[in-house]
Amino acid sequence: MNPENLRYTKDHEWARTEADGTITIGITHHAQDALGDIVYAEPPKVGATLSQGGRFGVVESVKSVSDLFAPCSGTVVAINPDLQPGPKQRAELINQDPYGAGWICRVQPSNTAELDELLSAAQYEALLASEAH
Amino acid sequence: MTLRRTPFNEREAAAGGRFVDFGGFELPVQYKAGLVAEHKAVRSRVGLFDVSHMGEIDVRGPDAVASVNRLITNDLEAIADGQALYTCMCRPDGGIVDDLVVYRFGRDHVFICCNASNRAKDFAWISEHIEGAKAVDEGEQWAQLAVQGPAAPALVQRLTATDLAPIKRYWFTTGAVAGVPSIISRTGYTGEDGFEIYMPAERGGEVWDALFAADPALQPVGLGARDTLRLEMKMALYGNDIDDHTTPLEAGLGWVVKLKKPDFIGKSALEAQKAAGLARHLVGFVMDGRAPARHGYTVVSETGEPIGQVTSGGPSPTLGRNIGLAYVPTSYTIGSKLHVDIRGTAEPATIVKPPFVTIGDKS
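Model, not experiment: these values are computed from the prediction.

**Student:** Explain the overall build of chain A to me, please; I cannot follow it from the model alone.
**Tutor:** On a plain count of helices and strands, chain A comes out with 3 helices and 9 strands. Scaling as 2.2 N^0.38, a compact globule of 133 residues should have a C-alpha radius of gyration of about 14 Å, and chain A matches this with 14 Å. Its C-alpha atoms give chain A principal-axis dimensions of about 40 × 40 × 25 Å. Among the 133 residues that make up chain A, the fraction classed as buried is 47%. Here chain A has roughly 6,200 Å² of accessible surface; of this, 51% comes from carbon and sulfur atoms. Of note, chain A has its 9 positive side-chain charges centred 7 Å away from the centre of its 18 negative side-chain charges.

The structure is reproduced here in structure tokens:
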């Protein structure tokens, strides 16, 4: 369910290190399931500076607005073209394929040591288990 | 504080309900199908809502009709026994205590359904102000289910020998539904045809089970879709669109204010407001773009000054657009453009004539 090769945050984002050293970011299966039907996403703009733990955008379901928190610090180098704000935005991709086609943005990290602070898949799963009641 | 449960709680859990706290009650916001699917099921076929959290107040007296009429804006004298009314109940200054559905059983018997969030407040208000009649809080006695959608009347008819065909919109009858003595009311909060069924709380489960036995594909619907359905019809939600500080005239509810009837609480304030003209009014708007406007967002003028507030807003599953309600100056009318401040950006919208969705016009 939660891919082994990703790192996770306690706010239910995931981070994947690419071959070129950039970090792709999205929200987890648990997050999209908890939100329900996602109707709108506001990704950051290319060139924006993120700081780890800072709010960098929103994802909205019918009922709610959810802040996105940066897994790592850096500069946004790309956003998912399918999530470009506008009439062609396909926010439902985040529900359908949160680790693949539903990726949100890609960041050039400014401090790769931050990634070591993130959770492994096993640690994230333990977090989910402890939150469930 | 433990949440209160309705008689349908276990059945809702078994059906995959995702529970939230609504006015102190544990109720599903959605089921497995999800909000959008539940909403569409009601518009296209039929859905089932647990509305047992609503309050019920029974009023009896030699002229209960006149007694209640002095507390509400609409006119019980203008309807017959067996008919119901949607109305506001106002304070002396015209502010709204609650919006209600009032059932005229007879001159000596009136039954009131009120919002869950206002149960204690309404009962206290009515008890304090009513003259010539006695009010009893029956909230604990009744369970309530709403069956709504184009296929709803046929489904409910299968469970009762009482002929429902003569029961027109906002009329009601009493009869056995799945053998359970009930009040069967052709009312609802979705804009669709259908019934709200009041039954003794301890027998509610029998009605629920019979509905699913008659229609195994019946969609249970949560509070999330209840809200998107009523918003599409521009039906007010107390606490969002109307409250103690809004008058029915400002809220577009002038049609339930009968100033020609004898005195009622708030009448003189509403007459004065009508004579002076309204400064603000509740309008419905459609956003141009994909970002939803939501409760609490600020409405701004072309030059960026705050001119109003969004009271309800979100995506419309039927329209595929973002819709909302807001109080704005009366200079803004149907066709006017307005802007909603969404996280610092003034997003454009257009005021439209309600309702947002025409029943029978499904997407």
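**Student:** Is there a simple way to explain the overall build of chain B in this structure?
**Tutor:** If you tally the helices and strands in chain B, you get 8 helices and 20 strands. Relative to the 2.2 N^0.38 estimate, which gives 21 Å for 363 residues, the radius of gyration of chain B is 20 Å and therefore close to what a compact globule would have. Summarising its shape, the C-alpha atoms of chain B cover approximately 60 × 50 × 45 Å along the three principal directions. Relative to its 363 residues, chain B shows a buried fraction of 59%.

**Student:** Looking at this model, I keep getting lost on the packing of aromatic side chains. Mind explaining?
**Tutor:** Within a pair of aromatic rings, the relevant descriptors are the distance that separates the centres and the angle that separates the planes. Under the criterion given, the structure shown has 13 aromatic pairs over all chains. For the pair W14 of chain A and Y99 of chain A, a centre-to-centre distance of 6.0 Å together with 50 degrees between the ring planes defines the contact as tilted. Separated by 85 residues along the polypeptide, W14 of chain A in strand β2 (residues 13–17) and Y99 of chain A in the loop between α2 (92–96) and β9 (105–109) bring together distant segments of the chain. As far as the burial class goes, W14 of chain A and Y99 of chain A line up, both buried. Within the aromatic cluster, the residues linked to one another by ring pairs are Y103, F105, F111, W142, F172 and Y198 of chain B. Above the ring of Y327 of chain B, the side-chain terminus of R280 of chain B is found at 4.6 Å from the ring centroid.

**Student:** Mind showing me how you'd approach the interface of chain A and chain B here?
**Tutor:** As a measure of interface size, the accessible area lost when the parts come together is often cited. Chain A puts 18 residues into the contact, and the matching count from chain B is 14 residues. Where chain A abuts chain B, roughly 1,300 Å² becomes buried across the two surfaces, and 47% of that area is made up of carbon and sulfur atoms. Contact with chain B buries area across many residues of chain A, yet Y40, V62 and K63 of chain A alone supply 41% of it, more than any other trio. At the junction of chain A with chain B, the criterion picks out 5 salt bridges. D227 of chain B serves as the salt-bridge partner of K63 of chain A, at 3.0 Å between the closest nitrogen and oxygen. Viewed at the interface, chain B and chain A are joined by 12 residue pairs in polar contact (both at pLDDT 80 or more). Where the side of chain A that touches chain B is concerned, the elements lending two or more residues are α1 (29–35), β4 (38–42) and β6 (55–61) of chain A. Counting residues per element, the side of chain A that touches chain B draws most heavily on β6 of chain A, which supplies 4 residues. Here the residues of the side of chain A that touches chain B are counted per class, giving 7 nonpolar, 4 polar and 7 charged.

**Student:** Sorry if this is basic, but what is going on with the pattern of salt bridges here?
**Tutor:** Two side chains bearing opposite charge may form a pair once their charged atoms approach each other closely. Residues and elements named next belong to chain B. Counted according to the given criterion, the structure contains 29 salt bridges over all chains. E140 serves as the salt-bridge partner of R119, at 3.0 Å between the closest nitrogen and oxygen. Placement of the pair is R119 in helix α4 (residues 119–129) and E140 in the loop between β9 (134–137) and β10 (142–148), with a sequence separation of 21 residues. The class of E140 is exposed, set by a relative accessible area of 58%. Measuring nitrogen to oxygen at the nearest pair gives 3.4 Å for the salt bridge that ties K337 to D288. On the criterion of sequence distance, the pair formed by K337 in strand β19 (residues 337–342) and D288 in the loop between β15 (280–287) and β16 (298–300) is long-range, its members being 49 residues apart.

**Student:** Explain α4 of chain B here, please?
**Tutor:** Residues three or four positions apart in an α-helix share a direction because the helix packs 3.6 residues into each turn. All names here are of chain B. For α4, the complete set of buried residues consists of R119, D122, W125 and I126. Considered in projection along α4, the buried side chains sweep an arc of 140 degrees and stay on one side of the axis. Turned more than 90 degrees away from the buried face of α4, the exposed residues are A120 and E128.

**Student:** Looking at this structure, how should I read the side chain of T73 of chain B?
**Tutor:** All names here are of chain B. In this structure, T73 sits in the loop between α3 (64–69) and β6 (83–90). Judged by its relative accessible area of 0%, T73 is buried. Among the polar contacts made by the side chain of T73, one reaches the side chain of T87 at a distance of 3.2 Å. In this structure the side chain of T73 is engaged in a polar contact, spanning 2.8 Å, whose partner is the backbone oxygen of V256. Setting aside anything within four residues of it in sequence, one finds T73 in contact with T87, C88, C90, P248, V256, V257, K258, K261, F264 and L270.

What counts as what
- Residues numbered from 1 in each chain as written.
- Chains lettered and ligands numbered in written order.
- Predicted model: local features only at pLDDT ≥ 70, side-chain atom pairs only at ≥ 80, totals over all residues.
- Heavy atoms only, no water.
- Helix = DSSP H or I, 4+ residues; strand = E, 2+ residues; numbered from the N terminus.
- Rg over C-alpha atoms; globule rule 2.2 N^0.38 Å.
- Buried < 20%, exposed > 50% of the residue type's maximum accessible area, 1.4 Å probe, protein only.
- Areas by Shrake-Rupley, 256 points an atom, 1.4 Å probe, with all protein chains shown as cover.
- Lys, Arg positive; Asp, Glu negative; His and termini not counted.
- Charge placed at Lys NZ, Arg CZ, Asp CG, Glu CD.
- Phe/Tyr/Trp six-rings, centres within 6.5 Å; stacked < 30°, edge-to-face > 60°.
- Lys NZ or Arg CZ within 6 Å of the ring centre and 35° of its normal.
- Contact = heavy atoms within 4.5 Å.
- Buried area = accessible area lost by both parts, 1.4 Å probe.
- Salt bridge = Lys/Arg side-chain N within 4 Å of Asp/Glu carboxyl O.
- Polar contact = N/O pair within 3.5 Å; in protein donor to acceptor, adjacent residues only side chain to side chain.
- Nonpolar A, V, L, I, M, F, W, Y, C, P; charged D, E, K, R; others polar.
- Arc of directions from axis to C-beta.

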